[in-house]
Amino acid sequence: MDERARAIEAVYRERYARFRDVLVSLTGSRELGADAVQETFAQALRDRHSFRGEGSLEAWIWRIAVRTGGTQRRAQDASGGSHDVSTNGTVVATPAWSDLDPDLAEAVRSLAPRQRLMIFLHYFADLSYAQLADVCAVSEGTVAATLSQARSALVDILRAKEYQR
């Protein structure tokens, strides 16, 4: 096994749960999320020689993960496959963290897709602004603005929910 393959394996061992949680959220299914993680790392190993060392290896793998999760979600939608949904049609396949605070999970699900992705990748995958910019192919300023907007939206949603009680 070459050095890059060992590095990819190390990311897998250390960060599997974070990749799984984010991909479950992106795909809307626990099964699809787990499959997407496996496909992500298989592709990373196959394509490891195309990583040019620009940015972090983990960010490069996250880029693959986001594409893989999106592809699997679209394929599932196109085939009429099911997601893990509640009776009202809301996707409930969210990471384990959502069990700790259902209001937060619901608020995050209500964000715009780009905001939701950046929230997941920053707070639940622990990616830096630079890594997020690399994964999402945007500037760090765009990352900062998107996260700021997402946090403001979450505050508004949670305050409104608290006000309704």
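Residues numbered from 1 in each chain as written. Predicted model: local features only at pLDDT ≥ 70, side-chain atom pairs only at ≥ 80, totals over all residues. Heavy atoms only, no water.

K.L.:
How should I be thinking about the overall build of the chain in this particular structure?
P.N.:
A count of helices and strands for the chain gives 7 helices and 0 strands. Going from N to C terminus, the chain has its helices and strands arranged as α-α-α-α-α-α-α. The burial tally for the chain puts 39% of its 165 residues in the buried class. A fraction of 63% describes how many contacts in the chain between residues 6 or more apart in sequence connect residues 24 or more apart. (Helix = DSSP H or I, 4+ residues; strand = E, 2+ residues; numbered from the N terminus. Buried < 20%, exposed > 50% of the residue type's maximum accessible area, 1.4 Å probe, protein only. Contact = heavy atoms within 4.5 Å.)

K.L.:
It is not clear to me how the environment of V37 should be interpreted in this structure. Could you clarify?
P.N.:
Along the chain, V37 falls in helix α2 (residues 30–46). Using a relative accessible area of 0% as the deciding quantity, one classes V37 as buried. Look past the residues within four positions of V37 in its chain and what remains in contact with it is Y12, Y16, F19, R20 and L23.

K.L.:
Whenever I open this one, the packing of helix α5 (residues 113–124) against helix α7 (residues 140–164) confuses me. Can you help?
P.N.:
A packed helix pair is summarised by two numbers, namely the angle formed by the two axes and the spacing between the axes. Contact geometry for α5 and α7: axes closest at 9 Å, N-to-C directions at 100°. Regarding the angle of α5 to α7, the classification is roughly perpendicular. For the pair α5 and α7, contact is made by R114, Q115, M118, I119, H122 and Y123 and by T142, V143, T146, L147, Q149, A150, R151 and L154, respectively. (Axes fitted to C-alpha atoms, helices over the stretch in contact; angles between N-to-C directions. Parallel < 35°, antiparallel > 145°, perpendicular 65-115°, else oblique.)

K.L.:
What should I look at first to understand the nonpolar core in this one?
P.N.:
Buried together is how nonpolar side chains tend to be arranged in soluble globular proteins. One finds F19, W60, I61, W62, I119 and L121 to be the most contacted residues of the largest nonpolar core, which totals 35 residues. Only α1 (3–27), α2, α3 (57–78), α4 (102–109), α5, α6 (129–136) and α7 provide two or more residues apiece to this core. For this core, the element with the highest residue contribution is α3, accounting for 7 residues. Other than its neighbours up to four places away in sequence, W62 contacts R18, F19, V22, L121, A125, L127 and V135. (Core = buried A, V, L, I, M, F, W, Y, C linked by side-chain atoms within 4.5 Å.)

K.L.:
What exactly am I supposed to notice about the confidence of the model for the chain here?
P.N.:
Detailed conclusions should not be drawn from predicted coordinates in areas where pLDDT is low. Across the chain, the average pLDDT comes to 84, with 87% of residues at 70 or higher. Taken element by element, the chain is modelled with least confidence in α4, mean pLDDT 84, and with most confidence in α2, mean pLDDT 94. Every residue in residues 84–93 scores below 50 in pLDDT, and together they form 22 contacts with partners more than four places removed in sequence or on other chains. (pLDDT = per-residue confidence, 0-100.)

K.L.:
Would you mind showing me how to read α4 here?
P.N.:
Residues separated by three or four positions in an α-helix point in the same direction, a consequence of the helix having 3.6 residues per turn. Taken together, the buried positions of α4 are occupied by A105, A107 and V108. Along the long axis of α4, the arc covered by the buried residues comes to 165°, so they all point the same way. Of the surrounding elements, those touching the buried residues of α4 are α5 and α7. (Arc of directions from axis to C-beta.)

K.L.:
Just checking my understanding: could you explain the packing of aromatic side chains for this structure?
P.N.:
Any two aromatic rings considered together are summarised by their centre-to-centre distance and by the angle between their planes. Per the counting criterion, the structure on display carries 6 aromatic pairs. With centroids separated by 5.0 Å and ring planes inclined at 75°, the aromatic side chains of Y12 and F41 adopt a geometry described as edge-to-face. One end of the pair, Y12, is in helix α1; the other, F41, is in helix α2, with 29 residues separating them in the sequence. A residue is classified by how much of its surface remains accessible, and Y12, at 27% relative accessible area, is partly exposed. On the basis of an interplanar angle of 10° and a centroid distance of 3.8 Å, the ring pair of F19 and W62 is categorised as stacked. Placement of the pair is F19 in helix α1 and W62 in helix α3, with a sequence separation of 43 residues. Linked through ring pairs, Y12, Y16, F19, F41 and W62 together constitute an aromatic cluster. (Phe/Tyr/Trp six-rings, centres within 6.5 Å; stacked < 30°, edge-to-face > 60°.)

K.L.:
I would appreciate a short explanation of α5 in the present structure.
P.N.:
Its 12 residues place the ends of α5 15 Å apart at the C-alpha level, agreeing with the 16 Å of an ideal helix rising 1.5 Å per residue. Restricting attention to buried positions, one finds in α5 the residues Q115, L117, M118, I119, F120, L121, H122 and F124. (Expected span 1.5 Å × (residues − 1).)

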